Amino acid sequence: MINKNSAKILIVDDDPTQIQVVISHLQHFDYELFIAKNSADTCKVLAKQHIDLVLLDINLPDGNGIDLCREIRSNHEFSDNLSIVFMTSHHSNEQEAKGLSIGANDYIYKPVNADVLAARINVQLQQLRKTKLLSHYANVDALTELGNRRAFDNQLQLELKRGEREGVPVSLLTLDIDFFKAYNDNYGHPQGDTCLRDVAAAIKSECRRPSDFAFRVGGEEFSIILYNTPASGALLFAEKLRAALIDRAIPHEYSEVSNLVTMSIGISDTLSGSYNIVELIASADDMLYKAKQSGRNNAMSNDWLAAI
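Described in the following lines is the structure provided in the data block. All chains use their own residue numbering, which begins from 1 and follows the written sequence. Two thresholds apply to this predicted model, a pLDDT of at least 70 for residue-level local features and 80 or more for giving and counting side-chain atom pairs, whereas whole-chain, interface and lining totals are computed over all residues. Where side-chain values are given, they derive from all heavy atoms of the structure, hydrogens and water being excluded.

## Things to note about the overall build of the chain
- Scanning the chain from N- to C-terminus turns up 10 helices and 13 strands.
- Seen along its three principal axes, the alpha-carbon backbone of the chain occupies a region of about 75 × 40 × 30 Å.
- Of all 308 residues assigned to the chain, the portion counted as buried reaches 48%.
- For the chain, restricting intrachain contacts to residue pairs at least 6 apart in sequence, the fraction spanning at least 24 positions comes to 66%.
- As displayed, the chain has an accessible area near 15,000 Å², and 49% of this comes from carbon and sulfur atoms.
- Positive and negative side-chain charges of the chain, numbering 30 and 41 respectively, have mean locations separated by a distance of 2 Å. The helix count covers DSSP runs of H or I at least four residues long, the strand count covers runs of E at least two residues long, and both are numbered beginning at the N terminus. A 1.4 Å probe rolled over the protein chains alone gives each residue an accessible area, and that area as a share of the maximum for its type sets the label: buried under 20%, exposed over 50%, partly exposed in between. Working rule for contacts: check all heavy atoms of both residues, and any pair within 4.5 Å makes them a contact. For every accessible area listed, the method is Shrake-Rupley and the probe measures 1.4 Å; residues are considered covered only by the protein chains on display. Note on charges: Lys and Arg go in the positive column, Asp and Glu in the negative column, and His and the chain ends are not counted at all. The atoms used to mark charge sites are NZ of Lys, CZ of Arg, CG of Asp and CD of Glu.

## Looking at unusual backbone geometry
- With an omega dihedral of 0°, the bond running from Lys 110 to Pro 111 counts as a cis peptide bond.
- Here Pro 111 shows up in the loop between strand S7 (106-109) and helix H5 (114-139).
- At Phe 179, a position not held by glycine, the phi torsion is positive, near 55°.
- Within the fold, Phe 179 resides in the loop between strand S8 (170-177) and helix H7 (180-187).
- Judged by its relative accessible area of 18%, Phe 179 falls in the buried class.
- You will see that Ala 249, though not glycine, has its phi angle at about 50°, which is positive.
- The topology assignment puts Ala 249 in the loop between helix H9 (231-247) and strand S11 (263-269).
- What makes Ala 249 partly exposed here is its relative accessible area of 41%.

## Digging into the packing of helix H2 (residues 39-48) against helix H3 (residues 65-74)
- In this analysis, axes come from line fits to C-alpha atoms, helices being fitted only over the stretch in contact, and the angle between any two N-to-C directions falls in the range 0 to 180 degrees. Interaxial distance between H2 and H3 falls to 11 Å at its minimum, and their mutual angle equals 25°. Judged on the interaxial angle alone, H3 and H2 are roughly parallel. In the crossing of H2 with H3, the sense of the turn from one axis to the other is right-handed. Within the contact between the two elements, H2 uses Ser 39, Thr 42, Cys 43 and Leu 46 and H3 uses Leu 68, Glu 71 and Ile 72.
- Under this grouping Gly is polar, as are all residues other than the nonpolar Ala, Val, Leu, Ile, Met, Phe, Trp, Tyr, Cys and Pro and the charged Asp, Glu, Lys and Arg. Residues belonging to the contact of H2 with H3 are distributed by class as follows: four nonpolar, two polar and one charged. Geometric relationships in this document are graded by angle, where less than 35 degrees denotes roughly parallel, more than 145 denotes roughly antiparallel, 65 to 115 denotes roughly perpendicular, and other angles denote oblique. Left-handed is the label given to a crossing in which the near helix is rotated counterclockwise from the far helix by less than a right angle, and right-handed is the label when the rotation is clockwise.

## Regarding the nonpolar core
- The definition of a nonpolar core used throughout is a set of buried Ala, Val, Leu, Ile, Met, Phe, Trp, Tyr and Cys residues joined through side-chain atoms within 4.5 Å. Among the nonpolar cores identified, the biggest contains 30 residues, and Leu 173 and Ile 224 are the most heavily contacted of them.
- If one sorts the elements of this core by residue count, H9 sits on top with seven residues.
- Phe 34, Val 54, Leu 56 and Tyr 107 belong to the second largest nonpolar core, which has 21 residues in total.

## Comments concerning the pairing of S8
- When you tally the buried positions in S8, you get eight out of eight residues, the bulk of the element.
- Side chains Val 170, Leu 172, Thr 174 and Asp 176 of S8 all project onto a buried face; the interleaved residues Ser 171, Leu 173, Leu 175 and Ile 177 project onto the opposite face, where all are buried too.
- At least two DSSP bridges between two strands are needed for those strands to be called paired. As paired strands, S8 and strand S10 (residues 221-227) are joined by seven bridges and run antiparallel to one another. Each bridged residue has a counterpart across the sheet, and for Ser 171 the counterpart in S10 is Leu 226.
- As defined by bridge partners, S8 adjoins S11 across seven bridges and the pair is classed as antiparallel.

## Quick look at the packing of aromatic side chains
- Pairs were defined over the aromatic rings of Phe, Tyr and Trp, the Trp ring being its six-membered one, requiring ring centres within 6.5 Å. Orientation was assigned from the angle between planes: stacked under 30 degrees, edge-to-face over 60, tilted for the rest. A complete count under the given rule lists seven aromatic pairs for this structure.
- Measuring from centroid to centroid gives 6.0 Å for Phe 180 and Tyr 183, while their planes differ by 10°, and the two rings are stacked. Highlighted residues: Phe 180 and Tyr 183, both in helix H7, separated by three residues, approximately one helical turn. Like Tyr 183, Phe 180 is buried.
- A centroid spacing of 5.4 Å and a plane angle of 75° characterise the contact between Tyr 187 and Tyr 254, whose relative ring orientation is edge-to-face. Note that Tyr 187 is positioned in helix H7 and Tyr 254 in the loop between H9 and S11, a separation of 67 residues in sequence.
- A ring is scored as having a charge over it whenever the NZ atom of a lysine or the CZ atom of an arginine sits within 6 Å of its centre and within 35 degrees of its normal. Here Arg 162 stacks its cationic end above the ring of Tyr 227, 3.7 Å away from the centre of that ring.

## Some words on the sheet that holds strand S3 (residues 53-57)
- Spatial strand order, S2-S1-S3-S6-S7: five strands in an open sheet with parallel pairing. Every other strand in the sheet has two partners, leaving strand S2 (32-36) and S7 as the edge strands with one partner each. Shown here is a sheet whose adjacent strand axes are inclined to one another by a mean of 20°, direction ignored.
- One ladder, built from four bridges, connects strand S1 (residues 8-12) with S3; its direction is parallel. Each residue of the ladder has a partner; that of Leu 10, found in S3, is Val 54.
- Contacting strand S6 (83-88) and S7, helix H4 (residues 93-101) crosses the sheet at an angle of about 140° to S7.

## Thoughts on the pairing of S2
- Across five bridges, S1 lies against S2 in parallel orientation. For Leu 10, the partnering residue across the bridge sits in S2 and is Phe 34.
- If the strands point away from the viewer and the path from the first strand over the helix to the second runs clockwise, then the crossover is right-handed. With respect to chirality, the unit in which S1 leads through helix H1 (residues 16-26) into the neighbouring parallel S2 is right-handed.

Okay, structure coming up:
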């Protein structure tokens, strides 16, 4: 969630005087301000920073703000995670309607008034906080506080597109708690929920990079996306994760492989398969099936089985 006074605002304008005017109006609010003077620089800043609001001039030296707004909104990552406010010297109802129809949130007319600018930014940040809060609840599993299936589908699609674009591998781990039905049946569902939270905590403890994403995608099924990681690295990650779960020593006297809660893990990556989301999921699921067939409490990738 963003805090109003820690919001990141990108000012996009090629007029140095106009940039200084906007900065002078905003410098007392403790916003983190960024500057871009053209479309190309704007895209670079957005790729590196989690910008909350873009103040976008309509006329740019390498294009126009309308086209840039359309390009930003076409990127799924920015679909509802930032506000775009146009700045223009020319009042045109037709242009304003067009801008709003392709994803702009508001218009500010030059010369920019300090009070109007502050008020409009405040409104946009309040709305953005509400949107992000709703998005958080829509994408988080309430029990484990990991991402849910909806979040998994969206994030995997994003990471595969990014991996293909940057030419780096993406690994997918599919995890199942071994004999969880027997655990639930014998210990009861409240204790089963506690077990799921403990397993989720173990997973969180190993997802240490910003590019490690964990999800609960079913009852006792979890998924992890590891960006820029081949299957060999994912297998090492899986072994650390299995060890972290065993270290928690959750009793499971009804398991057929251990007296503690364990997990089986299937691994697939884009090097051994493709960047196709359906194929990658199917491959990881197949590896999980083989891990279970091989005795459970192990991790299996396309080319290597690691067992206790």
